[in-house]
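What follows is each chain in one-letter form.
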Amino acid sequence: MSSTELPGAQAVAAAVAPTVSAVRVAEGERLRSVALPGLTLAVRSRPVDRTGRPPALFVHGLGGSSQNWSALMPLLADVVDPEAVDLPGFGDSPPPDDGNYSVTGHARAVIRLLDSGERGPVHLFGNSLGGAVATRVAAVRPDLVRTLTLISPALPEWRVQRSAAPTALLAVPGVAPLFARLTKDWTAEQRTRGVMALCYGDPARVSDEGFRNAVAEMERRLELPYFWDAMARSARGIVDAYTLGGQHGLWRQAERVLAPTQLVYGGRDQLVSYRMARRASAAFRDARLLTLPDAGHVAMMEYPEAVAQAFRELLDDCGGS
């Protein structure tokens, strides 16, 4: 047992694991588990001929998982060796032993994963919460990051959009369990439609198969005894990061990023304001900006071809490696 492990945590996890549905793995993907001291991470990959292809790591947002990158990864498999991580408490990764769901805690998990596999430097991608995590990783460990691609990164806003307020409320102690009780009769389909209405610029772009897969994943998540706790603590981590000033503030860390950076913002994003694109472009010292007027919060799922093309152009600017 590590020094940060909660007593009985492994026994509880072992007791509930058999009742939880298996995580979906798409054709051509592989899911493996990486055990680190006090931490276990699920990593999704697309095994390819990796000769000469630089590694890439994809980091999802709040409430997401490595599946959020399944549309983008195959579009880039000819130029990078792609892997996507399930952050602690999300996807197929169990909660961290120390219960740390802060942006810094998630960043440490990513750093430890990269260090353990000696995959750095990587082309690092992040969406929403994952964008904040990736920014922190790039700032504190520039040796691990070749390029940085941020899709609607959760960087501090003084005027948060009204549509993002419910997500912020999750950070308030007691709200998550209260919401869970109030919505206990909601079906997985109802919940999925609500998430898609919030995250997609046009939910109609989701295929029938994509919607069925999302409903199945929602059903699986609701079986997890730590689902709401992971959501609430990670939301609290974002709020805390928004209020953190000084050298550890996310905007200050954005200014320290050395890696060439591709920014992607959606014009219909209800969670991260489109107006933040200009500030982000000014903050990152070597930034390129792609704006997608019809995209919402998850452009890599809505317009994967456009995001892939932007990365290829970034790669070309950097000499193709």
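Shown above is the structure to which this text applies.
### Overview of the overall build of the protein chain
Part 1: Within the protein chain, the regular secondary structure consists of 13 helices and 8 strands.
Part 2: Here the protein chain has a C-alpha radius of gyration of 18 Å; the compact-globule value for 321 residues is 20 Å, and the two agree.
Part 3: Counting only C-alpha atoms, the protein chain reaches 50 × 45 × 40 Å along its principal axes.
Part 4: Across the 321 residues of the protein chain, 51% fall into the buried class.
Part 5: Put simply, 75% of the contacts in the protein chain that link residues at least 6 apart link residues at least 24 apart.
Part 6: Accessible area of the protein chain: about 14,400 Å², with a carbon and sulfur share of 53%.
Part 7: Across the protein chain, the 34 positively charged side chains and the 34 negatively charged ones have centroids separated by 5 Å.

### Brief notes about unusual backbone geometry
Part 1: Each neighbour pair has its own omega, and for G120 with P121 the value is 0 degrees, a cis peptide bond.
Part 2: Summarising the element assignment, P121 is placed in the loop between α3 (103-117) and β5 (122-127).
Part 3: Positive phi outside glycine occurs at S128, with the angle close to 55 degrees.
Part 4: Positionally, S128 belongs in the loop between β5 and α4 (129-140).
Part 5: Among the residues examined, S128 registers a relative accessible area of 10% and is labelled buried.

### Considering the nonpolar core
Nonpolar side chains in soluble globular proteins tend to end up buried together.
Part 1: With 59 residues, the main nonpolar core has L124, L148 and F284 as its most contacted residues.
Part 2: One finds C199, Y200, A295 and V307 within the second-largest nonpolar core, a separate group that totals 35 residues.

### Here we look at empty space enclosed by the protein
Any empty space left between atoms is shown by rolling a water-sized probe over those atoms.
Part 1: Under the criterion given, the structure shown has 1 cavity of 30 Å³ or more.
Part 2: Lining the largest cavity, in full, are G63, G64, G89, F90, G91, R221, L224, Y226 and F227.

### Considering the pairing of strand β7 (residues 261-266)
Part 1: Where burial is concerned, most of β7 is hidden: 6 out of the 6 residues are buried.
Part 2: Of the two faces of β7, the one holding T261, L263 and Y265 and the one holding Q262, V264 and G266 are both buried throughout.
Part 3: Bridge count between strand β6 (residues 145-151) and β7: 4 bridges; the pairing is parallel. Within β7, the position partnered with L148 by the bridge is T261.
Part 4: Where β7 lies against strand β8 (residues 287-292), 6 bridges are found, and the strand directions are parallel. Paired with V264 across the bridge in β8 is L290.
Part 5: Handedness of the β-α-β unit built from β7, helix α11 (residues 276-283) and β8 comes out right-handed.

### Observations regarding the sheet that holds β8
Part 1: Strand order in the open sheet formed by 8 strands is β1-β2-β4-β3-β5-β6-β7-β8, and the pairing between neighbours is mixed. In the strand order of this sheet, the two ends are held by β1 (30-36) and β8, each with one partner. Going across the sheet, the axis of each strand differs from the next one's by a mean of 20 degrees, ignoring polarity.

### Details of the side chain of E157
Part 1: Structurally, E157 can be placed in the loop between β6 and α5 (165-169).
Part 2: Within polar-contact distance, the side chain of E157 engages the backbone nitrogen of S273 at 3.1 Å.
Part 3: In this view, E157 contacts Y242, L271, V272, S273, R275 and M276; residues no more than four positions away in its chain are not counted.

### Some points on the packing of aromatic side chains
Part 1: Going through the model one piece at a time under the given rule, you end up with 7 aromatic pairs.
Part 2: Both rings, one in F179 and one in W186, keep their centres 5.8 Å apart while their planes meet at 85 degrees; by these two values the pair is edge-to-face.
Part 3: Ring pairing ties together the aromatic residues F58, W69, F125 and F311, which thus form one cluster.
Part 4: Positioned above the aromatic ring of Y303, the side-chain terminus of R205 is 4.1 Å from the ring centre.

### Things to note about the packing of α3 against α4
Part 1: At a minimum axis separation of 9 Å, α3 and α4 run at an interaxial angle of 65 degrees. In the crossing of α3 with α4, the sense of the turn from one axis to the other is right-handed. Across the interface between the two elements, V103, T104, H106, A107, V110 and I111 from α3 touch L129, A132, V133, R136, V137 and V140 from α4.
Part 2: Considering only residue class, the contact of α3 with α4 consists of 9 nonpolar, 2 polar and 1 charged.

### As for the pattern of salt bridges
Opposite charge on two side chains permits pairing when their charged atoms draw close.
Part 1: Per the counting criterion, the structure on display carries 17 salt bridges.
Part 2: Residue D115 is joined to R141 by a salt bridge in which the shortest nitrogen-to-oxygen separation is 3.0 Å. Here R141 lies in the loop between α4 and β6 and D115 lies in helix α3, a separation of 26 residues in the sequence.
Part 3: The class for D115 is partly exposed, based on a relative accessible area of 37%.
Part 4: Three or more residues are tied together by salt bridges with common partners; here these are R32, D81, E83 and R119.

Cut-offs and rules
Residues numbered from 1 in each chain as written. Predicted model: local features only at pLDDT ≥ 70, side-chain atom pairs only at ≥ 80, totals over all residues. Heavy atoms only, no water. Helix = DSSP H or I, 4+ residues; strand = E, 2+ residues; numbered from the N terminus. Rg over C-alpha atoms; globule rule 2.2 N^0.38 Å. Buried < 20%, exposed > 50% of the residue type's maximum accessible area, 1.4 Å probe, protein only. Contact = heavy atoms within 4.5 Å. Areas by Shrake-Rupley, 256 points an atom, 1.4 Å probe, with all protein chains shown as cover. Lys, Arg positive; Asp, Glu negative; His and termini not counted. Charge placed at Lys NZ, Arg CZ, Asp CG, Glu CD. Core = buried A, V, L, I, M, F, W, Y, C linked by side-chain atoms within 4.5 Å. 1 Å grid on protein atoms, 1.4 Å probe; cavity = no way out; pocket = protein on both sides within 12 Å on 5 of 7 lines; lining within 4 Å. Points joined across faces, edges and corners; volume = space filled by probe spheres on them. Pairing = 2+ DSSP bridges. Right-handed = clockwise from strand over helix to strand, strands pointing away. Axes fitted to C-alpha atoms, helices over the stretch in contact; angles between N-to-C directions. Polar contact = N/O pair within 3.5 Å; in protein donor to acceptor, adjacent residues only side chain to side chain. Phe/Tyr/Trp six-rings, centres within 6.5 Å; stacked < 30°, edge-to-face > 60°. Lys NZ or Arg CZ within 6 Å of the ring centre and 35° of its normal. Left-handed = near helix turned anticlockwise from the far one by under 90°. Nonpolar A, V, L, I, M, F, W, Y, C, P; charged D, E, K, R; others polar. Salt bridge = Lys/Arg side-chain N within 4 Å of Asp/Glu carboxyl O.

Just distances and angles here, no functional claims.
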